[in-house]
Number of protein chains: 2
Amino acid sequence: MAEDYHDRIRHKGLRDRVVSADQAAGMIEDGMVLGMSGFTRAGEAKAVPLALAERARREPLKVTLMTGASLGNDLDKTLAEAHVTARRIPFMSDPSLRRAINAGEVMYIDQHLSETVEQLRTGQLPPVDLAIVEAVAITETGGIVPTTSVGNSASFAILAKKVIVEINLNQSEQLEGLHDIYIPTYWPVRTPIPVVTPESRVGFPFISIPPEKIAAIVISTKLDSSSTVTEPDAETRSIAGHLTEFLKGEVARGRMPSSLHPLQAGIGSIANAVLHGFIDSPFHDLTMYSEVLQDSTFDLMDAGKMVFASGSSITLSEAKYRDVMERFHDYKRKLVLRPQEISNHPEVVRRLGLIAINTALEFDIYGNVNSTHVMGTNMMNGIGGSGDFARNSYLSVFVSKSTAKAGGISSVVPMVSHVDHTEHDVDILVTEHGLADLRGLAPRERAKLVIAHCASPDWRDQLQDYHDRALLRGGHTPHLLEEALSWHDRLRRTGTMKPE
Amino acid sequence: MAEDYHDRIRHKGLRDRVVSADQAAGMIEDGMVLGMSGFTRAGEAKAVPLALAERARREPLKVTLMTGASLGNDLDKTLAEAHVTARRIPFMSDPSLRRAINAGEVMYIDQHLSETVEQLRTGQLPPVDLAIVEAVAITETGGIVPTTSVGNSASFAILAKKVIVEINLNQSEQLEGLHDIYIPTYWPVRTPIPVVTPESRVGFPFISIPPEKIAAIVISTKLDSSSTVTEPDAETRSIAGHLTEFLKGEVARGRMPSSLHPLQAGIGSIANAVLHGFIDSPFHDLTMYSEVLQDSTFDLMDAGKMVFASGSSITLSEAKYRDVMERFHDYKRKLVLRPQEISNHPEVVRRLGLIAINTALEFDIYGNVNSTHVMGTNMMNGIGGSGDFARNSYLSVFVSKSTAKAGGISSVVPMVSHVDHTEHDVDILVTEHGLADLRGLAPRERAKLVIAHCASPDWRDQLQDYHDRALLRGGHTPHLLEEALSWHDRLRRTGTMKPE
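Every value quoted in this text rests on a predicted model; they were computed, and no experiment measured them.

Student: Please provide a residue-by-residue account of the interface of chain B and chain A, values included.
Tutor: Facing 79 residues of chain B, the contacting portion of chain A comprises 79 residues. Summed over both partners, the interface of chain B with chain A buries about 6,400 Å², with 51% contributed by carbon and sulfur atoms. In terms of surface lost to chain A, no three residues of chain B exceed R350, R391 and L481 of chain B, which account for 13% of the buried area on that side. In this assembly, chain B and chain A are joined by 8 salt bridges. The closest approach of N and O atoms between E445 of chain A and R87 of chain B, which form a salt bridge, is 2.8 Å. For the side of chain B that touches chain A, the secondary structure elements donating two or more residues are α5 (95-102), β4 (107-108), α6 (116-121), α14 (346-352), β19 (378-379), α15 (386-392), α16 (443-454) and α18 (486-494) of chain B. The greatest single-element share of the side of chain B that touches chain A, amounting to 5 residues, is contributed by α14 of chain B. By residue class, the composition of the side of chain B that touches chain A is 26 nonpolar, 30 polar and 23 charged.

Student: Tell me about the relation of the copies chain B and chain A, and please be specific about residues and values.
Tutor: Overlaying chain B with chain A gives an RMSD of 0.0 Å, the required rotation being 180° about an axis along which the chain moves by 0.0 Å. Accordingly, the operation relating the two chain copies is best matched by a two-fold axis. Measuring from the rotation axis to each C-alpha of chain B, the shortest distance belongs to E347 of chain B, at 2.1 Å. Comparing interface residues between copies, 100% of those in chain B also lie at the interface in chain A; the contact surface is shared.

Student: I'd like a rundown of the confidence of the model for chain A, residues and numbers included.
Tutor: The pLDDT averaged across chain A works out to 96; a share of 99% of its residues lies at or above 70. Both confidence scores are given for the complex: pTM 0.97, ipTM 0.97.

Student: Any chance you could break down a nonpolar patch on the surface for me, citing the residues and the numbers?
Tutor: Side chains of L361, V374 and M380 of chain A sit close together on the surface and give an oily, nonpolar patch of about 180 Å² of accessible area. Here M380 of chain A lies in the loop between β19 (378-379) and α15 (386-392).

Student: Summarise the pairing of strand β25 (residues 434-437) of chain B; cite the residues concerned and give the values.
Tutor: All names here are of chain B. Judged from the 4 bridges that link them, strand β24 (residues 428-431) and β25 form a sheet pairing that is antiparallel. When the bridges of β25 are listed, V430 appears paired with L435. Taken together, β24 and the strand that follows it, β25, pair antiparallel across an intervening segment of 2 residues.

Student: Give a detailed account of unusual backbone geometry, specifying residues and quantitative values.
Tutor: The linkage connecting W187 of chain A with the following residue, P188 of chain A, adopts the cis geometry, with an omega of 0°. Topologically, P188 of chain A is positioned in the loop between β7 (162-168) and β8 (214-220). Here H83 of chain A, not a glycine, exhibits a phi torsion of approximately 60°, which is positive. Its location among the elements puts H83 of chain A in the loop between α4 (75-81) and β3 (85-89). Its identity is not glycine, yet A406 of chain B carries a phi of approximately 50°, on the positive side. Mapped onto the fold, A406 of chain B is located in the loop between β21 (403-404) and β22 (409-410). In this structure A406 of chain B comes out as exposed when scored by relative accessible area, which is 84%.

Student: Describe the pairing of β7 of chain A, and please don't skip the residues or the numbers.
Tutor: Residue and element names in this part refer to chain A. With respect to burial, β7 is a largely interior element, 6 of its 7 residues being buried. Across 5 bridges, the pairing between strand β5 (residues 130-138) and β7 is parallel. Residue pairing for β7: I132 is matched across the bridge by I164. Strand direction decides the pairing type here: β7 and β8, joined by 6 bridges, are parallel. Opposite V165, over in β8, you have I217 as the bridge partner.

Student: How would you explain the nonpolar core if you had to name every residue and give the values?
Tutor: Within soluble globular proteins, side chains that are nonpolar generally end up buried alongside one another. Of all hydrophobic cores here, the largest spans 78 residues; its most connected members are L247 and L335 of chain B. Counting residues per element, this core draws most heavily on strand β5 (residues 130-138) of chain B, at 6 residues. Setting aside its immediate chain neighbours within four residues, L247 of chain B contacts M256, L260, F278, F283, I355 and L395 of chain B. If you look at the next biggest cluster of nonpolar residues, it comprises 77 residues, including M66, I144, I314 and V430 of chain A.

Student: Any chance you could break down the sheet that holds strand β17 (residues 369-370) of chain A for me, citing the residues and the numbers?
Tutor: Residues and elements named next belong to chain A. Taken in spatial order, the 3 strands line up as β17-β16-β23 in an open sheet, and their pairing is mixed. The open sheet is flanked by β17 and β23 (412-413), the only strands paired with a single partner. Note: strand β16 (residues 362-364) against β23, 2 bridges, orientation parallel. Pairing of F363 across the sheet is with V412, part of β23.

Student: An account of the pattern of salt bridges is needed here, citing residue identities and associated values.
Tutor: Opposite charge on two side chains permits them to pair, given that their charged atoms come into close proximity. This model, assessed by the stated rule, comprises 82 salt bridges over all chains. Across the pair E245 of chain A and K248 of chain A runs a salt bridge whose closest N-O atoms are separated by 3.0 Å. Residue E245 of chain A and its partner K248 of chain A are both found in helix α8 (residues 234-252); the two are separated by 3 residues, about one turn of the helix. Relative accessible area serves as the criterion here: at 48%, E245 of chain A is assigned to the partly exposed category. Because the salt bridges share partners, they merge into one network encompassing R473 and E482 of chain A together with D489, R490, R492, R493 and E500 of chain B.

Quick notes on the rules
- Residues numbered from 1 in each chain as written.
- Chains lettered and ligands numbered in written order.
- Predicted model: local features only at pLDDT ≥ 70, side-chain atom pairs only at ≥ 80, totals over all residues.
- Heavy atoms only, no water.
- Contact = heavy atoms within 4.5 Å.
- Buried area = accessible area lost by both parts, 1.4 Å probe.
- Salt bridge = Lys/Arg side-chain N within 4 Å of Asp/Glu carboxyl O.
- Helix = DSSP H or I, 4+ residues; strand = E, 2+ residues; numbered from the N terminus.
- Nonpolar A, V, L, I, M, F, W, Y, C, P; charged D, E, K, R; others polar.
- Least-squares fit on C-alpha atoms with pLDDT ≥ 70 in both.
- pLDDT = per-residue confidence, 0-100.
- Patch = residues over 30% accessible without salt bridge, like charges linked within 9 Å, V, L, I, M, F, W, Y side chains within 5 Å.
- Areas by Shrake-Rupley, 256 points an atom, 1.4 Å probe, with all protein chains shown as cover.
- Pairing = 2+ DSSP bridges.
- Buried < 20%, exposed > 50% of the residue type's maximum accessible area, 1.4 Å probe, protein only.
- Core = buried A, V, L, I, M, F, W, Y, C linked by side-chain atoms within 4.5 Å.

Quick look at the structure:
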């Protein structure tokens, strides 16, 4: 084993820091703030958190856990069930943790993903005691080379008092050189972030910290969890079709070139289907400036449609992972992974003029979007980067199937039960039934389009009836307050939005 | 008269373009899109829109009216009452126009103020047929020198097919040199905006367009409307006091220097009182990076507290206007006026790390803010720049009196009836009763603070009762959907939120 990792710890002075995961977990104290690598189930520290959960079975301890985004390998589940996670920042997607959050057992701070480290470095969040970061290698100078994600790892390591590095022997050495670690200058001397295209490289290929801050190194071998890719179905294919047609129209009107603008796409089966839809489109030389690079990114590259992709993580299905790693040399010059502060930065998002495609849980007839709360109260996953992108993009698109629960829930509602994206930030809404282009329209005009183009025919009359009656009462955004949330309340009481 | 304006039209070839306001208004055709100067009742074109309203009494015509923000001299009222305004973008504050908007007679597109010209130049809004811009002078090369606001005037003039310039002889020639007109580069070559401090000057002191685009010049003399400044009262003084104490704490904790971060403040009596509160504070060498520079900006300069202010308009009371203009030479090197795209640009707002202080119409126990809609339906003024600032600032503060209508309305509610700023974008809430610091807190934790610190004692028990009962039902953001908007519905029915 010792020899196995010598070429992974190239800074000789650090080789004696190698300890067991248990020993490293022993450095964690009750009440600490941990900053852990991991973004959308990619590149999370794996051995130490497991050892921590184990330890918490013997001696109760609670921590604040910050990450990039969601963790793989059921770590959020394991830590939540061991009651280690007292506070969780800024994103998660695990059902067990979700249950604990909705029961009020875990305090969850749901943030725009670009903002966490900004608040950390200005002392507006409690300081990180310990950073735990998965790495491919440590360079000769002590630079930490991340694995399949960057997330918040760089700033965690820079800001933390001490750092534990997990060298993962099964993460490919080919990943070295993939990352572009750029940290914005600190107040009061803040200068422009020099990223001007998805391809821009402006930082170092490793996280640069004083080597003496590395308090422990743990060797691990567990791989990232694979993503489960749902194949496009008739509905997601329709959504992709409507969006492709719309974009063809935009190109025809001269509003954008046939290489479009750089694409951002949220995670999940709909966004995946939309990206797949571009394979058979007339668009070409596409680029991506997004958070997560999924199977579809590589499929688009294989199809000769996409020329470059910038992200903060690579999250793939098992088959795709094997395939990509075998041919990684070919992909590498078309890829870069950045800190999520940069991948999601308002400055860069606005400058690059992204087409931002994100998934809505539900939206209302006036164009407000709920991305997070089921029936206005129960947290699903968190807002993630959707706010970073939707507010500042060139074109903000939200996609959703028009119904859920076998038609018992309409995703188009009179008033959303929770607002994550206001009408000001929503340009285009798409369901399998059609697309509503809301740009330059007043709320009354938006409602007409949303009902006619996006709602399921099964729900259209009821939405129209609500809107008609609200219009009688008047207002810029007509509503019947006593009825606006009644569809959700019915769902809560009866399990369906359908009239009793 | 002819001699009067010769030194104001220094480009000799343009002097023969001078026509009457009626002649200029004759160039406007039914259905046109007009881009007019004017931002928060400062620097609007005055003669041509009046002549247009007059003309519309004889022959019906309707236009889309875009401006920087609200207009002075009752122009929005006059144009609305003459039924000229068919569509209005992106901000207004006139009661007559508001009535027409809420009746559905005028289509109002309520936008983040930084975004209008971005959408215009990419063809996402209908193109501007005619720009009408108030100016101090036209330079030797045909450059248009704006008056007391920049707003969207520069991009309107650049993008419009033709431009009408209103030379206002009563706007001081001293204003020349005050403006910094910088236009971001266009896609696909977008480079960083070089503003790195409130003082940065990165553009030209005039609007640069080909002189042949200036189709007409009108001479006018009417002054800007004065702002009505409400003197601080006991409640707004309390709000200012709570915020000052909080900021002193932030300085003591080392989170910011005693010159704070650059300040942004919305318009209105509360924001004005808050800024006045800084006169007796220990802070010094303050700077401002805001939209509107009001009386308080100059009072802070006079008190030796503020060293520089960047804005998009200067909007003053009558007395202050006289005073400032008399001593304008002394103020000028401490001031700059920019296009609203730059004063409000997400890139610059985040880089400079603003303290953004804006007024809420109401906010809820979880920290969501309504800035625009009375009882969820009726438009007040529009979101203005508050979204540009709140999302990207270092510290996002919202202020409000805790009650309205002699206590019959609580500004702190179970659920806001319209969301303009989501909990993700709201750091600090302040009323006369106290301040809630929501940073790093989960919704349940936020509710405790908001109820205890911000709500009026008259409403505290009812809010707590709602929250307690919602907690029994559970969820990340506990709500009773059937009751969440009942306070607003009661207000609508009975004129008070108080139980029947």
